[in-house]
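# Geometric and topological summary
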There are 4 protein chains.
Amino acid sequence: MKAPDLRQLVYRANRELADSGLVMGTFGNVSGIDRASGVFAIKPSGVPYEELTPAHMVLVSLETGASVESGLRPSSDTATHLELYRAFGSCGGIVHTHSEFATVFAQARTPIRCMGTTHADYFYGDVPVTRPMTREEVERDYEKNTGLVIVETFRGARLSPEDVPAVLVANHGPFTWGADAFKAIEHARVLEYVARVEWRVRAMGAEAPPPETCLVDKHFLRKHGPKAYYGQK
Amino acid sequence: MKAPDLRQLVYRANRELADSGLVMGTFGNVSGIDRASGVFAIKPSGVPYEELTPAHMVLVSLETGASVESGLRPSSDTATHLELYRAFGSCGGIVHTHSEFATVFAQARTPIRCMGTTHADYFYGDVPVTRPMTREEVERDYEKNTGLVIVETFRGARLSPEDVPAVLVANHGPFTWGADAFKAIEHARVLEYVARVEWRVRAMGAEAPPPETCLVDKHFLRKHGPKAYYGQK
Amino acid sequence: MKAPDLRQLVYRANRELADSGLVMGTFGNVSGIDRASGVFAIKPSGVPYEELTPAHMVLVSLETGASVESGLRPSSDTATHLELYRAFGSCGGIVHTHSEFATVFAQARTPIRCMGTTHADYFYGDVPVTRPMTREEVERDYEKNTGLVIVETFRGARLSPEDVPAVLVANHGPFTWGADAFKAIEHARVLEYVARVEWRVRAMGAEAPPPETCLVDKHFLRKHGPKAYYGQK
Amino acid sequence: MKAPDLRQLVYRANRELADSGLVMGTFGNVSGIDRASGVFAIKPSGVPYEELTPAHMVLVSLETGASVESGLRPSSDTATHLELYRAFGSCGGIVHTHSEFATVFAQARTPIRCMGTTHADYFYGDVPVTRPMTREEVERDYEKNTGLVIVETFRGARLSPEDVPAVLVANHGPFTWGADAFKAIEHARVLEYVARVEWRVRAMGAEAPPPETCLVDKHFLRKHGPKAYYGQK
């Protein structure tokens, strides 16, 4: 993909995120990567969504982590995206929001349990929360360490980032990813939806058990993998 | 009704559902049946609502359960609709959504109690939840078995699908029905409203008793049956 | 006021109510009275808001309770409005909604406590709930008895309908009133707002005491009565 | 700044507040000060937002507290703004709303805890609640005393109004401030967002600890002070 095309794509994804209702003000960001050229594009830091143009998108090298061209500063979360692209090889786009209900679970340090079929359609099990970061991790290379602690969460639990394309960073908010930037946004939308529903199950004090494993398998696998039968061929 | 008319009607109903705020993305579906010709029309699987045209609607035989004409795949929930049309003879339209508050009760495996007059205007008693499905039911003919477990729920409780035109499928979401597709949508809207109110009664920890039977009778019967007096003649 | 003017006014009020977000479908209604001619106008029963015209508004005699002219059936709640106009002499307009949060308190049979200054700006104390109606009251002249039980609630508690222009009918929903139909709508809006806030105070399990009496007095009296100083003279 | 410019600026800020969804009806107000001329402009009392013009903005002397020119009555909360401008020297604009979730905490007399990074980006610690006012404070110079009790809250807790540009007045609602009127509105928006999230953490009964101090420091200081690195230079 040529650099102008990648910028255009990531620009459009950032506009879609702005229209999604998942972000307020200048919070949140989307990036997308071109694995062939080893470059990803990301929103600049602190620029209002309505002022963004494709040329504002900042290109970053997957190898060095540095901006490829001089220009605007990339999002302050760039180092987090970088670590995720490095560790999760199938990830083509990343979204960070502070969407309300997902952030509630991040602040409550509580995983979003897989309690229903919509959750299972997209996330094959609970959405995990990272451990709190140490003082040293926060004070030195905070954003890079945020990425590393996400990777540690998945590796420690032997979770596949394809099976569960979302995480809650403790006391911060969600990151989601997908095959490209637009899939990552779709996952951010569904994550917020399942967080809303699960929050309400908890807030009404329901003691319901989670669904049987077979139901979760059924829903995830009818949309993913070789036996998928949802949608048109 | 001619096939093009049925497709047109069900197309319009699916657009109305998309505008209702009850569905997100490609989730949810509406079908409508023409009992005379033994055919129902339903949304195709996984097609975004904004791309739908009347010609996309898939015609399905009530007798065989197969598509009447070659074309798009019908909604993955088609076999559920089929079983409901077969068992509930007065049902002319069916809606499936993952509307937020009704889904909360489905995930909490908790019936929506009849706690007020709006509920009683539409649903003559609590809205029930299906039992969890067995591994065998999930693994073989899952969608068909979803329909059968709904029918079992009504028969087991001696509930009339006309008195309570709604159900919560455990860990999944609501189905509603009615005399036609548009009535089924109206029931989906009211179900979500009564779920919102009842959820809030529960979440505030109120220990209020349900309304007296006479009040529920009064409201249901002033809108339904031979002594109805609501609306214009 | 001439009959066409009263119809026009009440028509406009019903449209404003429809736009307020406080009602869904054909639920809810507004009426307004012309005390000089002893006639009030009210929404017809079961007509969608978007089809209403001024000519649809039904005129009802305060003395006989009957429609003044032949035409559409008045709202099924007309007999309730009638009793309120008869008992509350200063009431010029009445609104009935099933607005979500006020209805929650009605279903929970829980008064909306006066917990803050906005509440006190409009309602001089808690908003009461009626007692449950008896089987006889429900089965015979239900709507008229709904009005009578509201009046009983205010008389029994020595509450002035001017100080607290709102009530919650148990397991049903709120009625509000005011100097005219538009003031009654304003009270319906504020009632829903204070219900939202008080519901959230309860749902977070806060054990906060109500505000000191002097604060409630201050706020009600700076907007009402001879020493009011809010707004322009 | 010339008086017409100050009126224009504060007019625009009041329109932005009206569009923000943070106020209902005529509630709420924004003011902005020109420290050089010792004058601030504020919304008039009880005028609907859609009727406001720049000429309606009332100019008030910081020294005397009186209107500089004859004209409309200033907001009934003017004396509160005056005391805040006098005590908080760096404050250039003030906003008062009854935004729903912040008001919930005010009515619950519960501080909004700093539980996440968005909170820490804007408010360096918990957002405090004022003590209840005495009968004498309410009955005499109520609005002025509201300002004084806010100032007392900050001084008593040795809180800097720059570090925490927001307060909850018990049983009333929030005030926010900032370098100018628009920054004060931004703080009102973020305050409502963090109140929503924290309310939901509490309502789900989560017992999560607050974030580590180092994380709060990191977020506040990456946006404020000499080592800030968020946004473009």
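Please read these numbers as outputs of a predicted model, since none were measured by experiment.

### Structural notes on the overall build of chain A
Check the secondary structure of chain A and you find eight helices and six strands. Going from the N terminus to the C terminus, chain A shows its helices and strands as α-β-β-β-α-β-α-α-α-α-β-β-α-α. Whereas a compact globule of 233 residues would reach a radius of gyration of roughly 17 Å, chain A reaches 17 Å, a difference of no more than 12%. C-alpha extents for chain A along the principal axes are approximately 55 × 50 × 35 Å.

### Notes on the packing of helix α2 (residues 78-87) of chain B against helix α6 (residues 142-156) of chain B
Residues and elements named next belong to chain B. Close contact between α2 and α6 brings their axes to 6 Å; oriented N to C, the two are set at 35°. α2 and α6 meet at a crossing whose hand is right-handed. Listed contacts from α6 to Ala 79, Thr 80, Glu 83, Leu 84 and Ala 87 of α2 are Glu 143, Lys 144, Thr 146, Gly 147, Leu 148, Ile 150, Val 151 and Arg 155. Its residues assigned to classes, the contact of α2 with α6 comprises six nonpolar, three polar and four charged.

### Observations concerning the relation of the copies chain A and chain D
Taken as rigid bodies, chain A and chain D are interconverted by a rotation of 90° and an axial shift of 0.0 Å, the fit giving an RMSD of 0.0 Å. In the structure described here, the two chain copies are related by an operation that fits a four-fold rotation axis. Measuring from the rotation axis to each C-alpha of chain A, the shortest distance belongs to Ala203(A), at 4.2 Å. Taken together, the interface assignments show that only 6% of the residues at the interface of chain A recur at the interface of chain D, consistent with different surfaces on the two copies.

### So, the packing of helix α3 (residues 100-107) of chain D against helix α7 (residues 181-203) of chain D
Residue and element names in this part refer to chain D. Following both chains from N to C, one finds α3 and α7 inclined at 60°, their axes separated by 7 Å at the closest point. If you check the angle between α3 and α7, you find them oblique. By crossing handedness, the relation of α3 to α7 is classed as left-handed. Across the interface between the two elements, Glu 100, Phe 101, Ala 102, Val 104 and Phe 105 of α3 pack against Leu 191, Glu 192, Ala 195, Arg 196, Glu 198, Trp 199, Arg 200 and Arg 202 of α7. When grouped by side-chain class, the residues that make up the contact of α3 with α7 number seven nonpolar, no polar and six charged.

### A short note on the arrangement of the chains
Spatially, chain A is disjoint from chain C: no contact exists, and the shortest C-alpha separation is 9 Å. Spatially, chain B and chain D are disjoint, and the shortest separation between their C-alpha atoms is 9 Å.

### Quick look at helix α8 (residues 213-223) of chain D
Given 3.6 residues per turn, any residue in an α-helix points the same way as the ones three and four places further on. Within the sequence span of α8(D), burial applies to Cys214(D), Leu215(D), Val216(D), Lys218(D), His219(D), Phe220(D) and Arg222(D). The elements touched by buried residues of α8(D) are α5 (135-139) and α6 (142-156) of chain A together with α4 (117-122) of chain D.

### As for the packing of aromatic side chains
By convention here, two paired aromatic rings are described through the distance between centres and the angle between planes. Counted under the stated rule, the structure contains 36 aromatic pairs over all chains. With a centroid separation of 6.1 Å and an interplanar angle of 50°, the aromatic rings of Tyr122(B) and Phe27(C) are classed as tilted. Of the two residues, Tyr122(B) sits in helix α4 (residues 117-122) while Phe27(C) sits in the loop between α1 (3-19) and β1 (29-34), which places them in two different chains. Judged by relative accessible area, Tyr122(B) falls into the buried class, the value being 10%. Assessed through its relative accessible area of 7%, Phe27(C) is described here as buried. Consider the rings of Tyr122(D) and Phe123(D), whose centres lie 6.5 Å apart with planes at 50°: the pair is tilted. Here Tyr122(D) and Phe123(D) have matching classes, each one buried. Members of the aromatic cluster, connected to one another through ring pairs, are Phe101(A), Trp199(A), Phe101(B), Trp199(B), Phe101(C), Trp199(C), Phe101(D) and Trp199(D).

### Topic: the relation of the copies chain D and chain C
Superposition of chain D onto chain C requires a rotation of 90° combined with a translation of 0.0 Å along the rotation axis, giving an RMSD of 0.0 Å. The share of interface residues of chain D whose copies in chain C are also at the interface is only 6%, consistent with the copies meeting through different surfaces.

### Description of the pattern of salt bridges
Taken as a whole and judged by the stated rule, the model has 60 salt bridges over all chains. Between Glu83(B) and Lys144(B) there is a salt bridge, with its nearest N and O atoms 3.3 Å apart. Residue Glu83(B) is located in helix α2, and its partner Lys144(B) is located in helix α6; the two are separated by 61 residues in the primary sequence. Since its relative accessible area comes to 8%, Glu83(B) is described here as buried. Judged by relative accessible area, Lys144(B) falls into the partly exposed class, the value being 31%. When salt bridges that share partners are traced, they join Glu83(A), Arg86(A) and Lys144(A) into one network.

### What about the sheet that holds strand β6 (residues 173-178) of chain B?
Residue and element names in this part refer to chain B. One open sheet holds the six strands; their spatial order is β3-β2-β1-β4-β6-β5, and the pairing between them is antiparallel. One side of each edge strand has no neighbouring strand; the edge strands of this open sheet are β3 (58-61) and β5 (166-169). Across the sheet, the mean angle separating the axes of adjacent strands is 20° when strand polarity is ignored. Strand direction decides the pairing type here: strand β1 (residues 29-34) and strand β2 (residues 39-42), joined by four bridges, are antiparallel. Opposite Asp 34, over in β2, you have Val 39 as the bridge partner. Across the sheet, helix α7 (residues 181-203) touches β1, β4 (93-96), β5 and β6, and the angle it forms with β6 is around 140°.

### Details of the side chain of Thr130(C)
All names here are of chain C. Among the secondary structure elements, Thr 130 is positioned in the loop between α4 (117-122) and α5 (135-139). In terms of polar contacts, Thr 130 uses its side chain to reach the backbone amide nitrogen of Ala 170, at 2.9 Å. Residues within four places of Thr 130 in sequence aside, it is in contact with Val 149, Ile 150, Thr 153, Val 167, Leu 168, Val 169 and Ala 170.

### Re the interface of chain D and chain C
With 33 residues of chain D at the contact, the number on the chain C side is 32 residues. When chain D packs against chain C, the two sides together hide about 3000 Å² of surface, and 56% of this comes from carbon and sulfur. Of all residues in chain D, the largest losses of buried area upon contact with chain C belong to Arg73(D), Glu100(D) and Gln107(D), amounting jointly to 22% of the total for that side. If you look at where chain D meets chain C, you find four salt bridges. With its nearest N and O atoms 2.7 Å apart, the salt bridge here joins Arg196(C) to Glu100(D). Viewed at the interface, chain C and chain D are joined by ten residue pairs in polar contact (both at pLDDT 80 or more).

Calculation notes
Residues numbered from 1 in each chain as written. Chains lettered and ligands numbered in written order. Predicted model: local features only at pLDDT ≥ 70, side-chain atom pairs only at ≥ 80, totals over all residues. Heavy atoms only, no water. Helix = DSSP H or I, 4+ residues; strand = E, 2+ residues; numbered from the N terminus. Rg over C-alpha atoms; globule rule 2.2 N^0.38 Å. Axes fitted to C-alpha atoms, helices over the stretch in contact; angles between N-to-C directions. Left-handed = near helix turned anticlockwise from the far one by under 90°. Contact = heavy atoms within 4.5 Å. Nonpolar A, V, L, I, M, F, W, Y, C, P; charged D, E, K, R; others polar. Least-squares fit on C-alpha atoms with pLDDT ≥ 70 in both. Parallel < 35°, antiparallel > 145°, perpendicular 65-115°, else oblique. Buried < 20%, exposed > 50% of the residue type's maximum accessible area, 1.4 Å probe, protein only. Phe/Tyr/Trp six-rings, centres within 6.5 Å; stacked < 30°, edge-to-face > 60°. Salt bridge = Lys/Arg side-chain N within 4 Å of Asp/Glu carboxyl O. Pairing = 2+ DSSP bridges. Polar contact = N/O pair within 3.5 Å; in protein donor to acceptor, adjacent residues only side chain to side chain. Buried area = accessible area lost by both parts, 1.4 Å probe.

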